[in-house]
Amino acid sequence: MLTVMVVDDDPLLCTAMRRKIEMIDRENQLGIQETLIAHSAQEAWGILQEKSVDILISDIRMPYQTGLELADKVNEAFPEIQVVILSGHDDYEYMRSALRSGVVDYLLKPVKLVQIQEVLLKCQENLRRRKAENWLNGLLAGKTGKPPVEFPHPV
């Protein structure tokens, strides 16, 4: 089960994103358990201290703290979280800064349903791969346990 958080100072955008994510989840059965909303980087950080989040989708420009600053903080404290940046600005420097912050993707507003779907599927695959790698590393270190994902059977 996945938890997604949308961070934007525009409440209408947050509501629209939540609806789109829920629609995509129903169609693709991504296993999204919850879509959280935060209206500032500070509010998002507070939620991250209390709840486990798998995918964080944040606006790049917000009052007091930017989405890039939030992305840097999240990548340092919670490197397993998949961070996606939303922006209303098609600006090369913003995109470059986002990539340096280790984000998974950079989406331009208004975001199309298919773009959200693609990025959610990409994040889901990244998370699945990371869990499998962690399990394999544990196996090499002598730990046992059931793999977190099904591995394809050889033909």
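In case you missed it, the structure is sitting above this.
What counts, and at which threshold
- Residues numbered from 1 in each chain as written.
- Predicted model: local features only at pLDDT ≥ 70, side-chain atom pairs only at ≥ 80, totals over all residues.
- Heavy atoms only, no water.
- Helix = DSSP H or I, 4+ residues; strand = E, 2+ residues; numbered from the N terminus.
- Rg over C-alpha atoms; globule rule 2.2 N^0.38 Å.
- Buried < 20%, exposed > 50% of the residue type's maximum accessible area, 1.4 Å probe, protein only.
- Contact = heavy atoms within 4.5 Å.
- Pairing = 2+ DSSP bridges.
- Right-handed = clockwise from strand over helix to strand, strands pointing away.
- Axes fitted to C-alpha atoms, helices over the stretch in contact; angles between N-to-C directions.
- Left-handed = near helix turned anticlockwise from the far one by under 90°.
- Nonpolar A, V, L, I, M, F, W, Y, C, P; charged D, E, K, R; others polar.
- Phe/Tyr/Trp six-rings, centres within 6.5 Å; stacked < 30°, edge-to-face > 60°.
- Lys NZ or Arg CZ within 6 Å of the ring centre and 35° of its normal.
- Parallel < 35°, antiparallel > 145°, perpendicular 65-115°, else oblique.

(A) Region of interest: the overall build of the chain. When you go through the chain residue by residue, the secondary structure sums to 5 helices and 5 strands. Taken from the N to the C terminus, the helices and strands of the chain come in the order β-α-β-α-β-α-β-α-β-α. Relative to the globule expectation of 15 Å for 155 residues, the C-alpha radius of gyration of the chain, 16 Å, shows essentially globular dimensions. For the chain, the spread of C-alpha atoms along the principal axes amounts to about 50 × 35 × 30 Å. In the chain, buried positions account for 41% of the 155 residues.

(B) The side chain of serine 58, seen in detail. Summarising the element assignment, serine 58 is placed in strand β3 (residues 55-59). Taking the relative accessible area as the measure of exposure, serine 58 reaches 1% and is therefore buried. Beyond its immediate stretch of four places on either side in the chain, serine 58 contacts Val7, Gly67, Leu70, Val84, Ile85 and Leu86.

(C) The pairing of strand β1 (residues 2-7), seen in detail. Counting buried positions along β1 yields 6 of 6 residues, so the element is predominantly enclosed. Neither face of β1 is left uncovered, since the one carrying Leu2, Val4 and Val6 and the one carrying Thr3, Met5 and Val7 both have all their residues buried. Where β1 and strand β2 (residues 32-38) come together, 6 bridges link them in parallel fashion. Across the sheet, the residue bridging to threonine 3 is glutamate 34, located in β2. You can see the chain leave β1, run along helix α1 (residues 11-28) and come back into β2, and the turn it takes is right-handed. Where β1 meets β3, 4 bridges bridge the pair, whose relative direction is parallel. Residue pairing for β3: methionine 5 is matched across the bridge by leucine 56.

(D) Seen up close, the packing of α1 against helix α5 (residues 113-140). Relative orientation of the contacting elements α1 and α5 amounts to 65°, with a least axis distance of 10 Å. Every pair of crossing elements has a handedness; the one defined by α1 and α5 is right-handed. Side by side, α1 and α5 meet where Met17, Lys20, Ile21, Met23, Ile24 and Asn28 of the first sit next to Leu113, Ile116, Gln117 and Leu120 of the second. Of the residues in the contact of α1 with α5, the class split is 7 nonpolar, 2 polar and 1 charged.

(E) Spotlight on the packing of aromatic side chains. For the structure on display, the rule yields 1 aromatic pair. Against the face of tryptophan 45 rests lysine 73, its NZ or CZ located 4.5 Å from the ring centre.

(F) Inspection of the packing of helix α2 (residues 41-50) against helix α3 (residues 67-77) at higher detail. Direction vectors running N to C along α2 and α3 enclose 15°, while the axes themselves pass 11 Å from each other. Considered as vectors, α2 and α3 are oriented roughly parallel to each other. Handedness of the crossing formed by α2 with α3: right-handed. Contact residues: Ala41, Ala44, Trp45 and Leu48 in α2; Leu70, Lys73, Val74 and Ala77 in α3. Class assignment of the residues belonging to the contact of α2 with α3 gives a composition of 7 nonpolar, no polar and 1 charged.

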